[in-house]
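# Structural features, examined
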Amino acid sequence: MVAFKSVSTPEMSTLSQIRLTALSRLAPEVADFLEGGAGDEGTLTANRAAFSRWGFRQRVMSGLDVPDLSTSLLGTDLAMPVLTSPFGADGLFHPDGQKAVARAALAAGIALVVPEAGTHSLEDVVQAAPKAARIAQLHPMGPEQNFLRMLRRIEDAGCQAICLTVDCPTGGWRERVLRNAFDLDARFVGGNYPDDGQTRLIEVFGQLFERSAVVWSWERLASLMAHTHLPWIAKGIMTADDALAAEAAGAAAVYVSNHGGRQLDGVPAALDALVEVARAVDGRLPVLFDSGVRRGADVVKALALGADVVVIGRLAAYGLTAGGQAGVERVLSLLHDEIRTVLTLLGHGGVRDLGPGALVRLDGTDTPM
Ligand SMILES: Cc1cc2nc3c(=O)[nH]c(=O)nc-3n(C[C@H](O)[C@H](O)[C@H](O)COP(=O)(O)O)c2cc1C
Ligand SMILES: CCCCC(=O)C(=O)O
């Protein structure tokens, strides 16, 4: 009998099964925090629906070798065009949190994005997998002295780049969180800010929770980022105008994301914004993409629509919840193998040569790309 390889436990047999396993293990209010979006969750739903409006333009008998999934981002080699997103409060899902994600990323040959609001400090995450490629995420908010201190810490921790989350001047209006009166314990988000008298957590993240936002400007950000030699990525770009503003402010890459539908409900699906942003930057900067990716075929669609690298948020958190490091590794290997399968069936030799010609609209419209 020919067996499909890598059949693991039934709990981790497929990505959708890993999600179910994860949700069954979490307290209902934590599952709601993970799964939920802002407002009526229209954007959350739209993120998924956008993928099903695109199908593949299959070509057969290509004569091509096994597809090459390898790529690079800002000088960092990646075994496939996938990163894990900076999801904070990671200790809610597994005690090892991003430490387990870092070990899994290293094993899979990809990079992780370490969240500022994580359960473990950046230094501890690095210590857990010193050889893992890593990007550190920061919120452009709070005292400037703290922001500058974090830039030093990120450089000292040997990170390859910095990811600045620009769509989060305050927390989204999350009704599942309100309904459950779910309070994020400081323990889960304060790994970088131990109570050592230097920086108080509330000074850094207060505006996320207290809706008293002082929204930074691109000019302010650009002047602070002049203090580091590391390249930076603007995360949360949804329009051509903002992509160009990020580029003018010195961003080395733009990251299309609506925060998984968790911030401003009513913005379009991230996949639809991707087309606009990719066209605006026109190959001058790499484009990262997240929001709604749940399988390998989604990764291929996003690459075809202009992403250079696709980032997984909840998917990584499901793996972490279902099995710690092994769970995240399983998510990454399922993604890898599905991407390879889709590319082979699609008749494509690799991830770098994908373009809109690989796709067709399935909803009868003839949207120009
Ligand atoms: C539990 C959770 C915590 C998150 N925390 C952060 C964060 O601290 N910083 C950030 O930039 N994005 C954060 N995000 C957003 C993710 O980085 C990512 O943009 C989003 O999850 C992508 O959508 P997806 O989950 O549909 O893949 C978080 C997302 C989740 C689900
Ligand atoms: C955990 C603190 C960051 C919150 C956030 O960005 C999210 O929940 O999406």
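One can find the structure itself at the top, above this paragraph.
Since the model is a prediction, treat every value here as computed from it, not as a measurement. Along each chain, residues carry numbers from 1 onward, in the same order as the chain's sequence is written. Chain letters and ligand numbers both follow the written order, the letters beginning at A and the numbers at 1. In keeping with the model being predicted, local features are shown solely for residues with a pLDDT of at least 70 and side-chain atom pairs are shown and tallied solely at 80 or more, while totals for entire chains, interfaces and linings include all residues. Calculation of side-chain values draws on the structure's entire complement of heavy atoms; hydrogens and water are dropped beforehand.

A separate point is the site of ligand 1. Around ligand 1 there are 21 residues in total, and Ser85, Thr165, Asp290, Gly292 and Arg314 lie nearest to it. Pairs of N or O atoms within 3.5 Å make up the polar contacts considered here, provided that, within protein, one atom can donate a hydrogen while the other can accept it, and that residues adjacent in sequence are counted only when both atoms are side-chain atoms. Note that an oxygen atom of ligand 1 is positioned 2.6 Å from one of the side-chain N or O atoms of threonine 165. The side chain of arginine 294 places a nitrogen or oxygen atom 3.1 Å from an oxygen atom of ligand 1. When ligand 1 sits alone it has 600 Å² of accessible area, and the protein chains cover 96% of it. Here a residue is near a molecule or strand as soon as one of its heavy atoms is found within 4 Å of it. Note on areas: Shrake-Rupley with a 1.4 Å probe; residue coverage comes only from the protein chains shown.

Okay, the environment of valine 300 next. The helix count covers DSSP runs of H or I at least four residues long, the strand count covers runs of E at least two residues long, and both are numbered beginning at the N terminus. Tracing the backbone through its elements, the reader meets valine 300 in helix 13 (residues 296-304). When residues no more than four places from it in sequence are discounted, the contact partners of valine 300 are Phe56, Ile339, Val342, Leu343, Leu346 and Leu354. In what follows, residue pairs with any heavy atoms lying within 4.5 Å of each other are defined as contacts.

A word on the nonpolar core. For the purposes of this section, nonpolar cores are sets of buried Ala, Val, Leu, Ile, Met, Phe, Trp, Tyr and Cys residues that join through side-chain atoms within 4.5 Å. The classification of residues rests on relative accessible area computed with a 1.4 Å probe and restricted to protein chains. Under 20% of the type maximum is buried, over 50% is exposed, and intermediate values are partly exposed. Core analysis: the largest hydrophobic core is formed by 111 residues, its most contacted members being Phe93 and Phe289. The dominant element in this core, judged by the number of residues it contributes, is helix 14 (residues 314-346), at 15 residues. Residues in contact with phenylalanine 289, not counting those within four places in the same chain, are Phe51, Tyr255, Val256, Ala270, Leu271, Leu274, Ala302, Ala307, Val309, Val310 and Val311. Formed by 15 residues, the second largest nonpolar core is a distinct cluster that contains Ala111, Ala161, Ile233 and Val309.

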